[in-house]
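Inside the fold
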Amino acid sequence: MTTRSQKKSNSTSSNLSVSQKRIENSWILLIKESLFENSSFSIITLPHPAHGNLSKYCLDNVHNKMFEVVTFNEPYRSWFIGDFVKSDGSILMVTPINPLFLVLPRLKEQCVNRAVPLNDLLSEKGFDKIVDYVKNMENIGDLKGPAEMKAYKYNEEKTLNWLKERIHKVANVLKEKNIHVTSGAISSTFVSSNLNNDSIDEEFYLKYAHGIISDYLQEDLVEKLEKRFNFKPEIIETVGKKRKSEADLNNSNKKAKNESMCEDFIDVKAGVQLNGSSETKKKPTAKEKARQKAAREQKQFSS
C-alpha cells in the first residue's frame, strides 16, 4: 500500500528526472536578440567549404544575411542551469559568414572550363536556399552571357586577389583589437595583449589572418595563397601553419593519459590472471631471460 507521502515523493522525483532530461537535451546558444526574434530565421545543413563535413548555417531573410553555427568545446566543462547540471559544457555561437566561401568549392569544381548559371550551380537541396544570399560573384568568377542569366566561370586570379584582400582586413581587425598573434596557445584564445602593436611585425598579423581564412578554403588554395604572401620562415614557425586551440591540446593530453591508464590496466589484469593477485608481473632481468632461453633449448634437445 502506497501512502500519500510516498506518492508525493515519487511524483517529485519523476518531475526532477524529466527536468534533468530536458536540460541534457538543450543547447547553450549565443545569438543576437534581434536575430533570435526574427520570425523568418531558419537553420540549414550544408557541407563545410574546407573539408566537406556537414555544418549548420543560419539564414536571416529579413536582413539577407547568412551565419555559421560554431561549436566551442573543451573537456571537463559543464553548465549549471538552475538546480541541474548539464554534462555537455559546449557552447554554440552564431557568427556571420560570407556565402561566397560556400559557393567557391562548387564554382572551382564545375566552372573551370565553362560558365554555369548560379541557379543551376546551387540547385542541390540546401544550396537552393542560399541563392538569394550570394552577392558579388564577380569577386571569384567571370560573368558570361546575358547579365540576367547570372552565368559565371571560375577565375583563380580574381579569387586569390579577393582572398588576399580579406586577409588584410582580418589582419587589421586583429591589430585594432590588440590580439595575441605571436604565440599559438595564447593567440587562439583571443586574449587581449598588453604589448605595443607597433613593435610587432605586421607579417605576424597577416600570417595569423591567413590561418583564419584558410579554415574555410581547400588545401590547394591555401598553398597558392601562402605563396602570394611569401611569409618569412621564422614567422611560419612562430605562428604555425595550423592554429591549435587549448581544447585540441587538452584532448591530446587526455588521449595520452587514457592510453597510459589502459596500459596500466592491462598490466594489472595480466598480473591478476597469472599470479591470482592484484600485483603486477615483474619484468624478467637479462640474466633471467638468458636462463629461460637456455632451459627452452635444453628441453628441446632432450626431446
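Residues numbered from 1 in each chain as written. Predicted model: local features only at pLDDT ≥ 70, side-chain atom pairs only at ≥ 80, totals over all residues. Heavy atoms only, no water.

Which entries qualify depends on this criterion: UniProt positions are given in the numbering used here, feature names are shortened, and annotations may be inferred rather than shown by experiment.
Labelled according to an unreviewed UniProt entry, the protein appears under the name Ribonuclease H2 subunit B, originating from Papilio xuthus. Its UniProt record, at the heading Subunit (unreviewed entry), says of the protein: "The RNase H2 complex is a heterotrimer composed of the catalytic subunit RNASEH2A and the non-catalytic subunits RNASEH2B and RNASEH2C." Taken directly from UniProt, the Function (unreviewed entry) text for the protein runs: "Non catalytic subunit of RNase H2, an endonuclease that specifically degrades the RNA of RNA:DNA hybrids. Participates in DNA replication, possibly by mediating the removal of lagging-strand Okazaki fragment RNA primers during DNA replication. Mediates the excision of single ribonucleotides from DNA:RNA duplexes."

Considering the sheet that holds strand β10 (residues 151-154)
How we decide: In this scheme, strands are said to pair when DSSP sees at least two bridges between them. Secondary structure elements follow DSSP: runs of H or I of four or more residues count as helices, runs of E of two or more count as strands, with numbering from the N terminus.
The strand order across the open sheet built from three strands is β8-β10-β9, with neighbouring strands paired in antiparallel fashion. What marks the edges here is a single partner per strand, and that holds for β8 (116-117) and β9 (141-144). As defined by bridge partners, β8 adjoins β10 across two bridges and the pair is classed as antiparallel. Directly across from V116, in β10, lies its bridge partner Y152.

Comments concerning the pairing of strand β7 (residues 91-96)
With two bridges joining them, strand β1 (residues 29-30) and β7 adopt parallel strand pairing. Within β7, the residue paired with L30 across the bridge is M93.

Here's the deal with the pattern of salt bridges
Quick note on the threshold: The term salt bridge refers to a side-chain nitrogen of Lys or Arg lying within 4 Å of a carboxyl oxygen of Asp or Glu. Accessible area is worked out with a 1.4 Å probe on protein chains only. A residue is then buried under 20% of its type maximum, exposed over 50%, and partly exposed in between.
Taken as a whole and judged by the stated rule, the model has eight salt bridges. Between R77 and E74 there is a salt bridge; the shortest N-O distance is 2.9 Å. For E74, a relative accessible area of 13% gives the class buried. Between K207 and E226 there is a salt bridge, and its shortest N-O distance comes to 2.7 Å. Of this pair, K207 sits in helix α7 (residues 202-214) while E226 is found in helix α8 (residues 219-229), placing the two residues 19 residues apart along the sequence. A relative accessible area of 2% means that K207 is categorised as buried.

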